[in-house]
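Chain residues, written in single-letter form:
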There are 2 protein chains.
Amino acid sequence: MENTPARPPSARLDSYVDRYAARTAGMTASEIRALFAVASRPEVVSLAGGMPNISGLPLDVVGGAIADLVATQGPVAMQYGSGQGVPELREQITDVMRLEGIEAHPDDVVVTVGSQQAVDLVTRVFCDPGDVVICEAPSYVGALGVFKSYQCDVVHAEMDADGLVPEALRQAIAAVKAAGKTIKFLYTIPNFHNPAGVTLAAERRIEILDICRTEGVLVLEDNPYGLLGFDREPMRALRADEAENVIYLGSFSKTFAPGFRVGWALAPHPVREKLVLAQESATLCPPQFSQMAVSAYLAKHDWQGQIKQFREMYRERRDAMVSSLADLMPAACQWNVPSGGFYVWLTLPPGIDAKGMLPRAVTARVAYVPGTAFYADGFGSSHMRLSFCYPTPERIREGVRRLAGVLEAEMELRATFGPVVPARQVNPQGYDGPSTDLS
Amino acid sequence: MENTPARPPSARLDSYVDRYAARTAGMTASEIRALFAVASRPEVVSLAGGMPNISGLPLDVVGGAIADLVATQGPVAMQYGSGQGVPELREQITDVMRLEGIEAHPDDVVVTVGSQQAVDLVTRVFCDPGDVVICEAPSYVGALGVFKSYQCDVVHAEMDADGLVPEALRQAIAAVKAAGKTIKFLYTIPNFHNPAGVTLAAERRIEILDICRTEGVLVLEDNPYGLLGFDREPMRALRADEAENVIYLGSFSKTFAPGFRVGWALAPHPVREKLVLAQESATLCPPQFSQMAVSAYLAKHDWQGQIKQFREMYRERRDAMVSSLADLMPAACQWNVPSGGFYVWLTLPPGIDAKGMLPRAVTARVAYVPGTAFYADGFGSSHMRLSFCYPTPERIREGVRRLAGVLEAEMELRATFGPVVPARQVNPQGYDGPSTDLS
């Protein structure tokens, strides 16, 4: 050891480790994050990410609207704005929400940096460490990350093909209350669920609103996909039937484009005031330029016609995925057929672990998100989320073909050696040598 | 009372009041926020807000760069991006920081939604409730708001004409440690301080870095104005002489335009990783479109020449303000002559309360920010911040004239009736009838 040159200080060690806030224990890299690096390699068919396919957007229209914005309102668009967001955009947002039966006043809308920030700000306003958030099982990985970073306890309530099961919600609430803990809200994605692909049935919506009102549990309705149904008109939002006990979150990321990061929260008036204060503390104001760009797009383009095009394109991809799954996957797999949105939720045959299989899948040039990412409690190992939003139908079919091959090999391995093959670390390079992290 | 119709529920009362997180107690409307409404009325000369004057930006260049961005890279600019920010922009950010002597790698830069969000994310990563942040006295109101919202204790350390006083910092650290509390960082604005207008002397920079290193106190260097000096080249950043114990925050809000909300943090590697996780939780990623718009502007425009124009324009306004103050203000007032940035810090004659006087000033159509906004401890009543960034030199002179008139009347009142005139509530309408909040 004496002849080994000294390692430069803090090249490996985190010398700040004793100084971080306790909440950082809950801020860990998600499985989706590690996969972004993988998904970006062109030879991999990524069924992992949730990136919308925006190639159908008319660049000339968008470019023209924004050039016009700079020329005619540049000094306003490039200036600081209000913490609540641009008034004209908030007015347009109420038009968008009207498509789901919501009658709202622009004063009760707060613009956010994507609806991700809306989840963050609502949690900031409501949750102390140890407070409980009830989430569907499974639930959106990005929201679970927020709840963990605010040191909340997540309690899952089961879903079935019709979405969140009211009786499961009742039981979850009762169990949390019996344990003497405080429930701050139910976080729910009623339409084309991420990751489960299911939609909350109309009659359940009323029942769930009733349960939450009776039990004094606020509802956080996250609805990025509601306008992306394949077969029918948008369903009535929970917020359409209950103004006082629901905070509704919307987004332009899937109906227009995510790069502007424009989402919103619609909240009861006193909550809205708190959200604006939280927004001012977080960013002073959401990006004025982004907001006015989205507003110009909405004003100058047939945005509803564009959403219709998106719906048709995503339906074609959904069809490609479910027909490929039916044609290619082993019989013991199960999946749902989503009626909108971006995702299929797949259940593996008994004994197959989605997380353990991922390195083999990546080696075979296909990626997905293991089900465990969508649970706060370690459940989900026999599930995976498959996204059909971004790859073309041909690539989807090729990706499913590769995945089926990996799965068949996995099943054969299990049949030969039994289910106790140790899960290996995810290795995006597909290289199975010594990890540099251990050297 | 029996004949009074019942008030609709929750029209006045906040029925959610028992459900908010404890941190919301620290999230209150700042004095600056209440003033935004006032400042936007055209007849008021606002010396209150910190809005940069961006009327000198070449709209054709900006519009052309952005139109080109949409046409050539639209699908990337409108898509999700990395949580850390656009690589090319992070490279350009290192060029900007090199002007202040900083040699940094783009990997250690995290793009944020304005540098306000950088303050938020750093605090999120480091501060538990009850942790201490040491701030200059006075300090930036927006940062104090963040520290309060994370339930930190702010301890102020005195400044003089050369910025933060090293001995005051030593004493503050010793006092906090003696009280058994944990200091997480020193928050400092070394250049053209907001609100104090002073700049930290070069020899003090080394001394303050030494103190903080010795005492194990991280330095959070907030530097939105560093390139906006009137008389000389930019000073060396604290970060230029200390990489391991300094987190540096920068912003394009004052050197280009705030409406894109693009700021950044430069942090030691392990801290950078935590900040990226925090950013992903907060927003998934900062706005890709904004970042690429700023990047295109930097690539296609003589941005350093533009900053030189900004400096000359702000120097002219600084000159207008200090000469107006010298010509018009009562002799008992004191102020500094800032060598850059946006702000003059004014000390009122004994017995005059800046907050109490504000409604009279607004009635006289001039606005400022009372000094109390910049202290966490209630101090500052005999001070005010005057901004010279936004109004024209003529309007600045008119504003100072109005302010001098208000102050003279106030002094006369004090001379006649003594100092115990009750401070009235701020009333943006200038209307002195019953407040609707009390009705």
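Source: prediction; values computed, not measured. (Residues numbered from 1 in each chain as written. Chains lettered and ligands numbered in written order. Predicted model: local features only at pLDDT ≥ 70, side-chain atom pairs only at ≥ 80, totals over all residues. Heavy atoms only, no water.)

Visitor: I'd like a rundown of the packing of helix 6 (residues 166–178) of chain A against helix 7 (residues 202–215) of chain A, residues and numbers included.
Guide: Angle between the axes and distance between the axes: these two values describe a pair of packed helices. Residue and element names in this part refer to chain A. At their nearest, the axes of helix 6 and helix 7 sit 10 Å apart, and the two run at 15° to each other. Comparing their axes, helix 7 and helix 6 come out roughly parallel. By crossing handedness, the relation of helix 6 to helix 7 is classed as right-handed. Residue-level contacts link Pro166, Leu169, Arg170, Ile173 and Lys177 of helix 6 to Arg204, Glu207, Ile208, Ile211, Cys212 and Glu215 of helix 7. (Axes fitted to C-alpha atoms, helices over the stretch in contact; angles between N-to-C directions. Helix = DSSP H or I, 4+ residues; strand = E, 2+ residues; numbered from the N terminus. Parallel < 35°, antiparallel > 145°, perpendicular 65-115°, else oblique. Left-handed = near helix turned anticlockwise from the far one by under 90°. Contact = heavy atoms within 4.5 Å.)

Visitor: Can you break down the pattern of salt bridges residue by residue, with the values?
Guide: Using the criterion set out here, one finds 44 salt bridges over all chains in the structure. Notably, a salt bridge pairs Arg98 of chain A with Asp95 of chain A, separated by 3.0 Å at the nearest N-O pair. Taken together, the residues Arg98 of chain A and Asp95 of chain A, both in helix 3 (residues 87–98) and three residues apart, mark about one turn of the helix. Arg98 of chain A gets classed as partly exposed once you look at its relative accessible area, which sits at 38%. Exposure remark for Asp95 of chain A: the relative accessible area of 35% places this residue in the partly exposed category. The residue Glu398 of chain A makes a salt bridge to Arg401 of chain A at a minimum N-O spacing of 3.6 Å. Of this pair, Glu398 of chain A and Arg401 of chain A both sit in helix 12 (residues 393–417), three residues apart, which is roughly one turn of the helix. Overlapping salt bridges, with partners in common, bring together Asp120 and Arg124 of chain A together with Asp120 and Arg124 of chain B in one network. (Salt bridge = Lys/Arg side-chain N within 4 Å of Asp/Glu carboxyl O. Buried < 20%, exposed > 50% of the residue type's maximum accessible area, 1.4 Å probe, protein only.)

Visitor: Describe the relation of the copies chain A and chain B, naming the residues involved and giving the relevant values.
Guide: Both copies of the chain are related by one operation, a rotation about an axis with a shift along it. Superposing chain A onto chain B takes a rotation of 180° combined with a translation of 0.0 Å along the rotation axis, leaving an RMSD of 0.0 Å. With respect to symmetry, the two chain copies, as superposed, fit the operation of a two-fold axis. When each C-alpha of chain A is compared by its distance to the rotation axis, Ala67 of chain A comes out closest, at 2.9 Å. In this assembly the copies share their binding face: 100% of the residues contributing to the interface of chain A also contribute to that of chain B. (Least-squares fit on C-alpha atoms with pLDDT ≥ 70 in both.)

Visitor: Tell me about the UniProt feature "domain: Aminotransferase class I/classII large" (unreviewed entry) in chain A, and name the residues and values.
Guide: Per the UniProt entry, the sites bearing "domain: Aminotransferase class I/classII large" (unreviewed entry) are residues 58–403 of chain A in this numbering. Overall, residues 58–403 of chain A shows 45% helix and 17% strand. The separation of its end C-alpha atoms is 34 Å. (UniProt positions renumbered as here; feature names shortened; annotations may be inferred.)

Visitor: So what about unusual backbone geometry? Which residues, and what values?
Guide: The omega angle of the peptide bond from Ala137 of chain A to Pro138 of chain A is 0°, so this bond is cis rather than trans. The omega torsion across Asn194 of chain B and Pro195 of chain B is 10°, close enough to zero to call that bond cis. Along the chain, Pro195 of chain B falls in the loop between strand 6 (183–188) and helix 7 (202–215). Positive phi is not limited to glycine here, since Gln151 of chain A has a value of about 60°. The exposure class assigned to Gln151 of chain A is partly exposed, which follows from its relative accessible area of 27%.

Visitor: Go over the sheet that holds strand 9 (residues 262–266) of chain A with me, naming the residues and quoting the values.
Guide: All names here are of chain A. Taken together, the eight strands give an open sheet; going across it, the order is 2-9-8-7-6-3-4-5, and neighbouring strands pair in mixed fashion. Sheet topology places strand 2 (109–113) and strand 5 (163–164) at the edges, where each strand pairs with a single neighbour. Across four bridges, strand 7 (residues 218–222) lies against strand 8 (residues 246–251) in parallel orientation. Within strand 8, the position partnered with Glu221 by the bridge is Tyr248. (Pairing = 2+ DSSP bridges.)

Visitor: Account for the pairing of strand 4 (residues 153–160) of chain B, naming residues and giving values.
Guide: Residues and elements named next belong to chain B. In the sheet, strand 3 (residues 132–137) pairs with strand 4 via six bridges, with the strands oriented parallel. For Ile134, the partnering residue across the bridge sits in strand 4 and is Val155. Traced from strand 3 through helix 5 (residues 141–149) to strand 4, the parallel crossover comes out right-handed. With two bridges connecting them, strand 4 and strand 5 (residues 163–164) associate as antiparallel partners. Each residue of the ladder has a partner; that of Asp160, found in strand 5, is Gly163. Count of turn residues in the strand 4/strand 5 antiparallel hairpin: two residues. (Right-handed = clockwise from strand over helix to strand, strands pointing away.)

Visitor: I'd like a rundown of the interface of chain A and chain B, residues and numbers included.
Guide: Opposite the 79 residues of chain A that make contact, chain B presents 79 residues. Applying the counting criterion to the chain A and chain B interface returns two salt bridges. For Arg124 of chain B, the salt bridge is made with Asp120 of chain A, and the minimal N-O distance between the two is 2.9 Å. Where chain A meets chain B, there are 34 residue pairs in polar contact (both at pLDDT 80 or more). In the side of chain A that touches chain B, the residues fall into 46 nonpolar, 20 polar and 13 charged. (Polar contact = N/O pair within 3.5 Å; in protein donor to acceptor, adjacent residues only side chain to side chain. Nonpolar A, V, L, I, M, F, W, Y, C, P; charged D, E, K, R; others polar.)

Visitor: If you had to explain the state of the cysteines to someone new, which residues and values would you point to?
Guide: This model, assessed by the stated rule, comprises zero disulfides over all chains. Looking at Cys152 of chain A, it has no disulfide partner, and the nearest cysteine sulfur is the one in Cys127 of chain A, 3.7 Å off. (Disulfide = S-S within 2.5 Å.)

Visitor: I'd love a proper account of the packing of aromatic side chains, names of residues and values included.
Guide: Under the definition given, this model contains 31 aromatic pairs over all chains. For the ring pair Phe230 of chain A and Phe388 of chain A, a centre distance of 6.3 Å and an interplane angle of 55° mean the geometry is tilted. Separated by 158 residues along the polypeptide, Phe230 of chain A in the loop between strand 7 and strand 8 and Phe388 of chain A in the loop between strand 14 (383–387) and helix 12 bring together distant segments of the chain. The pair Phe230 of chain A / Phe388 of chain A is uniform in exposure class, with both members buried. Here the aromatic rings of Phe252 of chain B and Trp264 of chain B are separated by 5.0 Å at their centres, their planes lie at 50°, and the arrangement is tilted. Of the two residues, Phe252 of chain B sits in the loop between strand 8 (246–251) and strand 9 (262–266) while Trp264 of chain B sits in strand 9, which places them 12 residues apart along the sequence. Given the relative accessible area of 3%, Phe252 of chain B is considered buried. The class for Trp264 of chain B is buried, based on a relative accessible area of 2%. Ring-pair connections join several aromatic residues into one group, and the members of that group are Phe256, Phe260, Phe289 and Tyr297 of chain A together with Phe256, Phe260, Phe289 and Tyr297 of chain B. (Phe/Tyr/Trp six-rings, centres within 6.5 Å; stacked < 30°, edge-to-face > 60°.)

Visitor: Requested: an account of the pairing of strand 8 of chain A, with residues and values cited.
Guide: Residue and element names in this part refer to chain A. Most of strand 8 is tucked away, with six of its six residues classed as buried. Here strand 8 shows two buried faces, one formed by Val246, Tyr248 and Gly250 and the other by Ile247, Leu249 and Ser251. Alignment of strand 8 against strand 9, held across four bridges, turns out to be antiparallel. Considered in strand 9, the bridge of Ser251 is made with Gly263.

Visitor: How would you sum up the domain arrangement of chain A? Please name residues and give values.
Guide: Residues and elements named next belong to chain A. Splitting chain A by domain gives domain 1 (22–51 + 305–417) and domain 2 (75–301). Each of domain 1 and domain 2 has a C-alpha centre, and these two points are 25 Å apart. Counting residues at the interface gives 31 residues for domain 1 and 29 residues for domain 2. Taken together, the two surfaces of domain 1 and domain 2 that pack against each other cover about 2600 Å², and 62% of this comes from carbon and sulfur. At the boundary of domain 1 and domain 2, one finds zero salt bridges. Linking domain 1 with domain 2 are 10 residue pairs in polar contact (both at pLDDT 80 or more). (Domains from an automatic or database assignment. Buried area = accessible area lost by both parts, 1.4 Å probe.)

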